[in-house]
Amino acid sequence: MSRSLTVAVCGATGAVGREMLKTLHEREFPATSIIPLASSRSVGMKVPYGEDVELVVRELKEDSFEGVDLALFSAGGGTSLKFAPHAVAAGCVVVDNSAAWRMDERCPLVVPEVNADHLEEHRGIIANPNCSTIQMVVALKPLHDAAKIRRIVVSTYQAVSGTGQKAINELETQVRQLFSMRDPEVNVYPHRIAFNVLPHIDVFLENDYTKEEMKMVHETVKIFADPSVKVTATCVRVPVFYGHAESVNIETEKKITPRDARAILATAPGVQLYDNPQEKMYPMPLDAAGEDMTFVGRIREDETIPNGLNLWIVADNIRKGAALNAVQVAEELLRRDLLRVPDADRDLFLD
Ligand code: A2P
């Protein structure tokens, strides 16, 4: 017998929250009730659920989760830390898009195409990885399985939508201001983003890497469940609205030719090969925006080492990098009959 499911979307007025609602509707997630939650600022506001339905936003509170089966969170790390434990205490399974729970040993970090089996261990909170990590592991896991990746060197070209709606607005406003010969206002990023490139995402750490870069390092190891994989990253914000691109260099234990890699990726789940440079065919954010797949192209041998490959990986950071991945996790939980909090774990995340 199918269950009647109540689903809450926390952060429903934001860029990812809206995409979560859209994705739940498009993929016909079997919810009988959807509850959009946001801050007190947005109470009464309407958000679309499909073409014909508008839902009225309620305030996210500690007691918002009575009778809720599943909550998709995308309202920032602080909000997740504060409210997700109360959701779990009410018996609601949380899929969290923030960084708050990703490295917590109690929380699986899941990309369904890569490590869906980690869901079997969940205790109430499942973390969605960082957008840049998700698209990279979707493309690299099949190569890791075939040839064992020893080292990954990645440079990202990340769209402003990853920072949220306010950054989308800021890029648009700055472009308008510059074209009307006005000084652009700089509020969201430390420098102007219009017609610029910022090698700075999230805060700088003691080792001079940014937190975003170290997320790619640690999350990849957790998702692959393989501490032997070495990752080094440079994360860069570019003036693109939707779609992250990544230049990725890998060194493998076993030799893998570009031809082998293309054959493997041609059938890999969630991957679409788009690699015909002679015809000027390679993935670009413009084409990836609004799509579900992770696109891979520019596959070529790294001629400086015996077992090396270069790849170019592009995906929609709001869809596969956030909302879609969260909904796929929810679908997988349902398929595996795991959409419940074990009774013994209800208080696990409360202080
Ligand atoms: P609100 O619009 O009411 O501020 P984005 O990542 O696009 O900036 O969106 C962030 C989302 O997180 C928004 O829906 C925002 O709601 C929500 N949010 C931020 N802080 C809180 C909070 N303290 N409580 C509930 N929702 C929050």
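Keep in mind that this is a model prediction, so the values were computed, not measured.

Asks: Let's hear about helix 1 (residues 15-26): which residues, and what values?
Replies: Its 12 residues give helix 1 an end-to-end C-alpha distance of 17 Å, which sits within 8% of 16 Å, the value for a rise of 1.5 Å per residue. For helix 1, the set of buried residues is Ala15, Val16, Gly17, Glu19, Met20, Leu21, Thr23 and Leu24. Phi turns positive one or two residues past the end of helix 1, at Glu28, with a value near 50°.

Asks: How would you summarise the layout of surface pockets if you had to cite specific residues and measurements?
Replies: Quantified by volume, the largest pocket comes out at close to 910 Å³. Considering the residues around the largest pocket, the lining is formed by 37 residues, among which Gly76, Ser161, Gly162, Thr163 and Gly164 are closest to the centre. Elements supplying a minimum of two residues to the lining of the largest pocket: helix 1, helix 5 (165-179), helix 6 (211-224) and helix 9 (319-335). Residue contributions to the lining of the largest pocket peak at 3 residues, all from helix 1. Partitioning the lining of the largest pocket into residue classes produces 12 nonpolar, 19 polar and 6 charged. The calculated volume of the second largest pocket comes to roughly 250 Å³. What lines the second largest pocket is a set of 14 residues, and nearest its centre among them are Ala38, Ser39, Arg41, Ala75 and Thr79. Those elements giving two or more residues to the lining of the second largest pocket turn out to be strand 2 (31-38) and helix 2 (77-89).

Asks: So what's going on with the site of the ligand? Residues and values would help.
Replies: Around the ligand lies a shell of 15 residues, among which Thr13, Ala15, Ser39, Arg41 and Ser42 are the nearest. Separating an oxygen atom of the ligand from a side-chain N or O atom of Ser39 is a distance of 2.5 Å. Arg41 places a polar side-chain atom, nitrogen or oxygen, 2.7 Å from an oxygen atom of the ligand. Considered on its own, the ligand offers 570 Å² of accessible surface; in the complex 72% of this is hidden by protein. For the ligand, the cavity whose grid points lie within 2 Å of the majority of its atoms is the second largest pocket. In the shell around the ligand, the residues fall into 5 nonpolar, 9 polar and 1 charged.

Asks: Can you lay out the pattern of salt bridges for me, pointing to particular residues and giving the numbers?
Replies: Side-chain pairing between opposite charges can occur once the charged atoms of the two side chains come close. Tallying each qualifying case throughout the model produces 22 salt bridges. Glu172 is paired through a salt bridge with Arg176; the nearest N and O atoms lie 2.9 Å apart. On the criterion of helical spacing, the pair formed by Glu172 and Arg176 is a turn pair, its members being 4 residues apart in helix 5. Across the salt bridge formed by Asp275 and Arg262, the nearest N and O atoms sit 2.8 Å from each other. You can see Asp275 sitting in the loop between strand 12 (271-273) and helix 8 (285-288) and its partner Arg262 sitting in helix 7 (residues 258-266), a full 13 residues away along the chain. For Arg262, a relative accessible area of 28% gives the class partly exposed.

Asks: Explain the sheet that holds strand 6 (residues 70-73) residue by residue, including any values.
Replies: If you trace the 6 strands from one edge of the open sheet to the other, you get 5-2-1-6-7-8, paired in parallel fashion. If you trace the sheet from one side to the other, it starts and ends with strand 5 (58-59) and strand 8 (125-127), each paired once. Here 2 bridges tie strand 2 to strand 5, and the two strands are oriented parallel to one another. If you follow Leu37 over to strand 5, its bridge partner there is Arg58. The strands touched by helix 1 are strand 1 (5-10), strand 2 and strand 6; relative to strand 1, the strand with the most contacts, the crossing angle is about 155°.

Asks: Pulling in residues and values, what's your account of the side chain of Gln158?
Replies: Secondary-structure assignment places Gln158 in the loop between strand 9 (149-157) and helix 5. Its relative accessible area of 1% is what places Gln158 among the buried residues. Those residues in contact with Gln158 that lie beyond four places of it in its chain are Ser132, Ile201, Glu212, Cys235, Val236, Arg237, Val238 and His244.

Asks: Describe the packing of aromatic side chains, naming the residues involved and giving the relevant values.
Replies: For the structure shown, the criterion picks out 4 aromatic pairs. Aromatic pair Trp101 and Phe349: ring centres 5.3 Å apart, planes at 75°, arrangement edge-to-face. A residue pair is termed long-range when its members are at least 10 positions apart, and Trp101 in the loop between strand 7 (93-96) and helix 3 (112-115) and Phe349 in the segment after helix 9 qualify at 248 residues. Judged by its relative accessible area of 5%, Trp101 is buried. Ring geometry for Tyr157 against Trp312: centres 5.2 Å apart, planes inclined by 70°, an arrangement best described as edge-to-face.

Conventions used here
- Residues numbered from 1 in each chain as written.
- Predicted model: local features only at pLDDT ≥ 70, side-chain atom pairs only at ≥ 80, totals over all residues.
- Heavy atoms only, no water.
- Helix = DSSP H or I, 4+ residues; strand = E, 2+ residues; numbered from the N terminus.
- Expected span 1.5 Å × (residues − 1).
- Buried < 20%, exposed > 50% of the residue type's maximum accessible area, 1.4 Å probe, protein only.
- 1 Å grid on protein atoms, 1.4 Å probe; cavity = no way out; pocket = protein on both sides within 12 Å on 5 of 7 lines; lining within 4 Å.
- Points joined across faces, edges and corners; volume = space filled by probe spheres on them.
- Nonpolar A, V, L, I, M, F, W, Y, C, P; charged D, E, K, R; others polar.
- Near = heavy atom within 4 Å.
- Polar contact = N/O pair within 3.5 Å; in protein donor to acceptor, adjacent residues only side chain to side chain.
- Areas by Shrake-Rupley, 256 points an atom, 1.4 Å probe, with all protein chains shown as cover.
- Sits in = over half its atoms within 2 Å of the grid points.
- Salt bridge = Lys/Arg side-chain N within 4 Å of Asp/Glu carboxyl O.
- Pairing = 2+ DSSP bridges.
- Contact = heavy atoms within 4.5 Å.
- Axes fitted to C-alpha atoms, helices over the stretch in contact; angles between N-to-C directions.
- Phe/Tyr/Trp six-rings, centres within 6.5 Å; stacked < 30°, edge-to-face > 60°.

Structural measurements only, silent on function.
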